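# Geometric and topological summary
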Amino acid sequence: MSGEKKKWVGSSYKRKEDMRLLTGRGTFMDDILLPNMKHAAILRSPYAHAKILDVDISEALKAPGVIGVVTGEDVKKASKPYPCGVTIPTKYYTCAVDKVRFVGEPVAVVVADNRYLAEDALDLIEVDYDPLEAVVDIEKAIEPDAPVLHENIGSNIYNHRFFKYGTDWDTLCQEADEVVKWKFNFPKYAGSPIETYGVIASYSSFENSYVVYNNYQGPFVNHALTAMALGIPENKMRWIIPTDIGGGFGTKTGIYPYCALMSIVAKKTGVTVKWIEDRREHLLASATCTDRVTYIEAAVRKDGKILGLKDKAMDTTGGYIRPPEPGCAYRSTGNHTGAYDIRNLDREVYIVATNKGLTAPLRGYGCQELYFSTERITDMAAAKLGIDPAEIRFKNFVQPEQMPYTTATGGYYDVGNYPAAFQKCLDIVEYDKMREYQKKARAEGRLVGIGLASVVDPSVTNIAYVAIGKTIEERKNERDKSGSGEAAIVKVDPLGGITVICSTNPQGQGHETVISQIIADEFGVHPDEVVVDSVLDSSDRLYSITTGSFSSRFASSGTTAIVRASRQCIEKAKKIAAHLMKIKVEDVVMEEGKFFAKDKPEKAIKLRHIAGAAHWNQYDLPEGIDAGLFGTSLWTMPTSRPPDGKDRVNSSNTYGFVAEAIVVEVDQETGEITFLKWASVHDAGTILNPQIVRGQVLGSIVQAIGGSMYEEQAYDEHGQCLTASFADYLCPTAMEMPKVDVDHFESPSVLTALGSKGAGEGSSMSVPPAIGNAIADALAPLGVVVDELPLSPSKIWHMIDEAKAKTN
Amino acid sequence: MADKRQVKVKVNGVEYEGYAEPRKLLSDFLRDDLELLGTHVGCEHGICGACTILFNGEPIRSCLMFAVQATGAEIMTVEGIAENGKLHPIQEAFNEHHALQCGFCTPGMLITVYHFLKENPNPTEEEAREAVSGVLCRCTGYTQIVEAVMAAAEKMRIAA
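### Let's talk about a negative patch on the surface
Residues and elements named next belong to chain A. Side chains of D54, D56, E126, D128 and D130 sit close together on the surface and give a patch of like negative charge. Among the elements of the structure, β2 (50–56) and β6 (126–131) are those that each provide at least two residues to the negative patch. With three residues, β6 is the single largest residue contributor to the negative patch. Within the secondary structure, D54 sits in strand β2.

### Comments concerning helix α2 (residues 89–96) of chain B
Because each turn of an α-helix spans 3.6 residues, side chains separated by three or four positions end up pointing in the same direction. Along α2 of chain B, the residues classified as buried are I90, Q91, A93, F94 and N95 of chain B. Buried residues belonging to α2 of chain B abut α1 (18–22) of chain A together with α3 (106–119) and α5 (143–159) of chain B. Following α2 of chain B by one or two positions, H98 of chain B adopts a phi angle in the positive range, close to 55°.

### Details of the sheet that holds strand β10 (residues 209–214) of chain A
All names here are of chain A. Pairing is mixed across the open sheet formed by eight strands, whose spatial order is β3-β5-β1-β12-β9-β10-β11-β22. Of all strands in the sheet, those with a lone pairing partner are β3 (66–71) and β22 (536–537), marking the two edges. Where strand β1 (residues 37–44) lies against strand β5 (residues 106–112), six bridges are found, and the strand directions are antiparallel. Residue pairing for β5: A41 is matched across the bridge by V110. Here helix α8 (residues 256–269) sits on the sheet and contacts β1, β3, β5, β9 (198–204), β10, β11 (237–241) and β12 (272–276); the angle it forms with β9, its principal contact strand, is near 40°.

### Overview of the interface of chain A and chain B
Taken together, the 50 residues of chain A in the interface contact 49 residues of chain B. Around 4300 Å² of area is buried between chain A and chain B when both sides are counted, 59% of it from carbon and sulfur atoms. Sorting the residues of chain A by area buried against chain B places L22, Y116 and I194 of chain A first, and these three jointly supply 19% of that buried surface. Taken together, chain A and chain B are joined by five salt bridges. The salt bridge partner of D31 of chain A is R31 of chain B, with a shortest N-O separation of 2.7 Å. Summed over the shared surface of chain A and chain B, the result is 25 residue pairs in polar contact (both at pLDDT 80 or more).

### Quick notes on the sheet that holds strand β24 (residues 594–597) of chain A
Strand pairing in a sheet relies on backbone hydrogen bonds. The paired strands run either parallel or antiparallel. Residue and element names in this part refer to chain A. An order of β23-β24-β25 is seen for the three strands of this open sheet, with the pairing classed as antiparallel. For this open sheet the edge positions go to β23 (588–591) and β25 (600–606), each flanked by a neighbour on one side alone. Taken over all neighbouring pairs, the strand axes of this sheet differ in orientation by 35° on average, direction set aside. Here β24 pairs with β25 via three bridges, running antiparallel. Its bridge partner lying in β25, A597 is registered against K600. Contacts from helix α17 (residues 554–581) reach β23, β24 and β25 within the one sheet, and its direction differs from that of β24 by about 45°.

### Observations concerning the domain arrangement of chain B
Residue and element names in this part refer to chain B. Along its sequence, chain B is organised into domain 1 (5–80) and domain 2 (89–159). One C-alpha centre belongs to domain 1, the other to domain 2, and the line joining them spans 22 Å. Taken together, the contacts link 18 residues of domain 1 with 14 residues of domain 2. Between domain 1 and domain 2, roughly 1200 Å² of surface is buried when both sides are summed, and carbon and sulfur atoms account for 69% of that area. The interface formed by domain 1 and domain 2 includes zero salt bridges. Counting the contacts that link domain 1 with domain 2 gives four residue pairs in polar contact (both at pLDDT 80 or more). At the level of secondary structure, the elements contributing two or more residues to the side of domain 1 that touches domain 2 comprise β3 (52–55) and β4 (58–61).

### Some points on the packing of aromatic side chains
All names here are of chain A. Following the criterion strictly, the structure yields 31 aromatic pairs over all chains and no others. Following the ring pairs from residue to residue traces out a cluster consisting of Y82, Y92, F102, Y216, F220, W239, Y256, Y320 and Y543. Looking at K572, its charged tip hangs above the ring of F630, at a distance of 5.1 Å from the centre.

### Here we look at the domain arrangement of chain A
All names here are of chain A. Parsing chain A into structural domains produces domain 1 (18–25 + 485–635), domain 2 (32–132 + 195–246 + 251–285) and domain 3 (365–464 + 650–807). Relative to domain 3, the C-alpha centre of domain 1 lies at a distance of 40 Å. Counting the contacts that link domain 1 with domain 3 gives zero salt bridges. In this assembly, domain 1 and domain 3 are joined by nine residue pairs in polar contact (both at pLDDT 80 or more). The set of elements that each furnish at least two residues to the side of domain 1 that touches domain 3 consists of α16 (511–523) and α17. For the side of domain 1 that touches domain 3, the element with the most residues is α17, which contributes six residues. Of the residues that constitute the side of domain 1 that touches domain 3, the class distribution is seven nonpolar, twelve polar and one charged.

Rules and cut-offs
- Residues numbered from 1 in each chain as written.
- Chains lettered and ligands numbered in written order.
- Predicted model: local features only at pLDDT ≥ 70, side-chain atom pairs only at ≥ 80, totals over all residues.
- Heavy atoms only, no water.
- Patch = residues over 30% accessible without salt bridge, like charges linked within 9 Å, V, L, I, M, F, W, Y side chains within 5 Å.
- Areas by Shrake-Rupley, 256 points an atom, 1.4 Å probe, with all protein chains shown as cover.
- Salt bridge = Lys/Arg side-chain N within 4 Å of Asp/Glu carboxyl O.
- Lys, Arg positive; Asp, Glu negative; His and termini not counted.
- Charge placed at Lys NZ, Arg CZ, Asp CG, Glu CD.
- Helix = DSSP H or I, 4+ residues; strand = E, 2+ residues; numbered from the N terminus.
- Buried < 20%, exposed > 50% of the residue type's maximum accessible area, 1.4 Å probe, protein only.
- Contact = heavy atoms within 4.5 Å.
- Pairing = 2+ DSSP bridges.
- Axes fitted to C-alpha atoms, helices over the stretch in contact; angles between N-to-C directions.
- Buried area = accessible area lost by both parts, 1.4 Å probe.
- Polar contact = N/O pair within 3.5 Å; in protein donor to acceptor, adjacent residues only side chain to side chain.
- Domains from an automatic or database assignment.
- Phe/Tyr/Trp six-rings, centres within 6.5 Å; stacked < 30°, edge-to-face > 60°.
- Lys NZ or Arg CZ within 6 Å of the ring centre and 35° of its normal.
- Nonpolar A, V, L, I, M, F, W, Y, C, P; charged D, E, K, R; others polar.

Set out below in structure tokens:
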């Protein structure tokens, strides 16, 4: 089926979601108004690290309009720490118990008649803190004399593992002509969706059950884990995700602790509680990616062939580790060697506690941290060997004839032609011409640089990767985990209308439109006739632990579930058609929404009439066929297996490719960067809707520009957060977005129904190293080494200034 | 808790009368009291621009003004852009050029563009880019927004 020309799939059909969103009629979290709803505000820690000696809520309880106050003590009584995929005994509650470990950690919750009154009462809560020394630097945190965050762990190490794939490192170094090594720092930045977190929770003592509205993006594994934390059966906690979510980007995978917290608050106060996070709360305490220190070495031959990599990556998940961490370090296991045929890898991972805000997957999850180090060291190796950065990539690419290719770490790349896609990118940017241009510019004393990156974009997480955080021995005592399941229901109503109930939980990716296109092709109807319901309600929707929109799942697994549910429905329709026409099922043909005997196309029956028979005359249906007309699927990719006994895991299921080529000029006087040219080529398999895919790519680029140049959740040495407003946490505006030539090289996946792979996260992974490489190339004549982000103009100016001071 | 004051405003051509504490933000008044939920609140400190409305014809951040300051004002919110059940050319262009994804910043973006194209019906791309730079969008990368603004300007010039 993949690659086959369709009528609607592949067209830039205009988005159906837009009608409500353009006219102010969307339904976002804060638009949900329930009877007798009260409002919560959260008191948050001003300290990075302190003991809580006492919380006095007596005055707050007397304040006007206050209904109740919940503290850490209440939370400790009402819940258990969240389960997490590491072996150390973690104690992550949704509110600080006994101690605070980062600025912004919840300490108490006030419920009042409105948000203003709730915030007034926060000022009346007296918390007696005993401040402790804080640690924010990853490497300092694991020194023996560092202040320890969690006494029950005894150190600041949440997780520490070694991995060896292929030849022993020392042997490899003897075979190599050069071993290039460097240390890189990757920053802590965030998705910062313009809609913040929101939760409305209510509790019924009669059924001991909860209803929780929230704008969680998935994965629904955290629905199960929240039920476990609350000590209730999962089906007693109904989550309802509204039609519209105002951006996710991974950040909204971090909402679930607030679902637990507000459930506890609703139970204690006995009212329906609404909490809408404000921007300060969001910037202080929602979720960012992990910041990472990487020590990396590449063993290379003179001709540019990379024989192996050795790296030590040290991530911090902040004051606590919570699900789906330690995924930050392990989600990229299968694609660790990226687009290159590298068979040897020596890997060490630390996940460290520091007094900083907590983490969650961020668009690209773990891959930007990884590729910043691997793609920068690739350029450094090229420089050392005196070969061109493009050439070293061609030398190392997995070749198209090697597909399907299993990586040293267990990733299964089904299709791809990396050299051709990369060449396309070079052609678009006019690489050779730009090298000439650079030469001339340098002769004039200008700082022009060209940055390349070529990476594999893994999509559709296989939940198995989390288990890699435990050793092979530790895993032997546990049940295997695996899967990537995605659900869909396609139903035809008594008048023949088609409704799709999807569980993909979109946050702006246009699922309603693309699903309508797919259904239009499958059933031979017009996309406008199809209705898609994207509300996700755990009580009546199909879902599984992998449900949600994350790791670019929709285009691969979501669409396959839609196609499978459609075809199941059509198969049933064919049986009914055969029965009505008194012919064999094998002889029924369906074309453009009509069913007919293959030799009598003139006597066709419309879908509407088959639906009519299925609903209006249920007696007269073929034997063994239930009434009604619908199909369901909860499809998991067959490549989602548990890790093997050698720490190899196919951590994702489809693997796209991204090539980035960026030409920059750095202003020596101001440090300002101008993008002179930018080509971004993606292999996302079959393109379902070109306009939507373009939007996804451009969106991932602007966020990656933010993380590479402007955005950072920054802390001082005491753990005080310096970026708690949009005046300090700088998101790119329209003025910072350059012109980017986006193009595609389509290698349809053989694993998915339509050949599509993920598209929305590729440049999140490739842009940070490409910008790093471009600026490094621009500044190379000055002897400046680029080994950290974000590269803000002021930082670049300082780098130039220092380099000039050295030479003078 | 201060006493509530009367607030009389005209929003999208309709007269409203309500009561608000002096500290109540105009954005909250529009949403909580008038139940005009199209105006979105993204930062409450005047930077993201999602809550932008037209206030006596000028674009303002409704999170930076108190409701009581709005008495006597004429306000336009996103709900007032489409007329007679038909999309405005700006809205059409946003749909045609995929200038929105999650749609949360879109109300502020549309109001900003609505005002901008009234002032400057024939903008350059650079002017269009600058005009929307006061509203943060985390989804689109802005490129398709700028393309939509240019297309809307053309549509409106042809219609005029």
